[in-house]
Amino acid sequence: MKLRIIPALVAVAFLAGCSGDGDQNSGAGSESIEVSTSSTPSFVAQVVSPINAPDDGDPVVDPGLNVEYRFQGTGYGTNGGSVIYLAVKNLNEVPLPADAIGQPTLKIKDYNGSMTDIESLPGDDNIPLDLPLGVGATTNLQWAFNTSTGSLWSAEFRVGNVIFRGNLNNM
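Just so we're clear, the structure is a prediction, and the values are computed from it rather than from any experiment.

Visitor: So, the sheet that holds strand E6 (residues 115–118): which residues are in play, and what are the values?
Guide: The mixed open sheet is built from 5 strands, whose spatial order is E1-E9-E8-E5-E6. The open sheet has two free edges, formed respectively by strand E1 (51–52) and E6, since each of these has just one partner strand. Direction of pairing for E1 relative to strand E9 (residues 162–166): parallel, over a ladder of 2 bridges. Counterpart to Ile-51 in the pairing with E9 is Val-162.

Given below as structure tokens:
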């Protein structure tokens, strides 16, 4: 075993001694680096009036954010409440910033027939866009709200510039 280590150490020492070519100024001043910047397009949201999504389950394009939403349904939250599921596809030629969509809102019809705002619930049931969404990419998002799924029979879920109205359990 000792006989193998000694030749290996000699070889390493020999190679370490050969690392320089004797020219003390090699590379100094022989190259220049040119730095240039290019302007890359950035995401710009358009200010538009909200639109109503069709209730047939077809995807709908948000004209202000240039994304496509596909309503995927509702479910029960792990700690109560309801969860709304949505697929989002970026139709832009640049990544969609994580904060572009923002926090959706939910309203339900109360016992008086008025629309009542429902608070969102914190926790693991929420999976918002937390990183930029790449060009042409699709991701699944979900948000939890403090209401039962039974109360979603007459609701308004607004995300971006799109409003999903009606029975959210049957979209």
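From this point, the narrative continues.
Visitor: Which residues make up the packing of aromatic side chains, and what values go with them?
Guide: Each aromatic ring pair is specified by the distance between its two centres and by the angle formed by the two planes. All told, the structure shown has 5 aromatic pairs when counted by the stated rule. On the basis of an interplanar angle of 70° and a centroid distance of 6.3 Å, the ring pair of Phe-71 and Phe-157 is categorised as edge-to-face. Remark: Phe-157 occurs in strand E8 (residues 155–159) and Phe-71 occurs in strand E3 (residues 67–76); sequence separation between them is 86 residues. Phe-157 shares its class with Phe-71; the two are buried. Look at Trp-143 and Phe-157: their rings are 6.0 Å apart centre to centre, the planes differ by 45°, and that puts the pair in the tilted class. Separated by 14 residues along the polypeptide, Trp-143 in strand E7 (residues 138–145) and Phe-157 in strand E8 bring together distant segments of the chain. For the pair shown, Trp-143 and Phe-157 are each scored as buried. An aromatic cluster of at least three residues, connected via ring pairs, comprises Phe-71, Trp-143, Phe-145, Phe-157 and Phe-164.

Visitor: Please provide a residue-by-residue account of the sheet that holds E3, values included.
Guide: Sheet architecture is open: 4 strands sit in the order E2-E3-E4-E7, paired in antiparallel fashion. Each edge of the sheet is formed by a strand with only one pairing partner; in this case those strands are strand E2 (60–62) and E7. If you compare each strand with its neighbour and ignore which way they point, the axes differ by 35° on average. Here E3 pairs with strand E4 (residues 82–90) via 9 bridges, running antiparallel. Pairing of Gly-75 across the sheet is with Val-83, part of E4.

Parameters and conventions
Along each chain, residue indices are assigned from 1 in the same order as the chain's sequence is written. It should be noted that, the model being predicted, local features are given only for residues of pLDDT at least 70 and side-chain atom pairs only at 80 or more, the latter also being counted only at that level, while totals for whole chains, interfaces and linings use all residues. Values shown for side chains rest on all heavy atoms present in the structure; no hydrogens or waters enter the calculation. At least two DSSP bridges between two strands are required for those strands to pair. Secondary structure elements follow DSSP: runs of H or I no shorter than four residues count as helices, runs of E no shorter than two count as strands, and numbering proceeds from the N terminus. Stacked, tilted and edge-to-face are the three classes assigned to paired rings of Phe, Tyr and Trp, where Trp is represented by its six-membered ring and a pair needs centres within 6.5 Å; plane angles under 30 degrees give stacked, over 60 edge-to-face, the rest tilted. Only protein chains enter the accessibility calculation, which uses a 1.4 Å probe; a residue is then buried when its area is under 20% of its type maximum, exposed when over 50%, and partly exposed in between. Angular values range over 0 to 180 degrees, each being the angle between N-to-C directions of two axes fitted as lines to C-alpha atoms, with helices fitted over their stretch in contact.

Function cannot be inferred from these measures alone, as they are strictly geometric.
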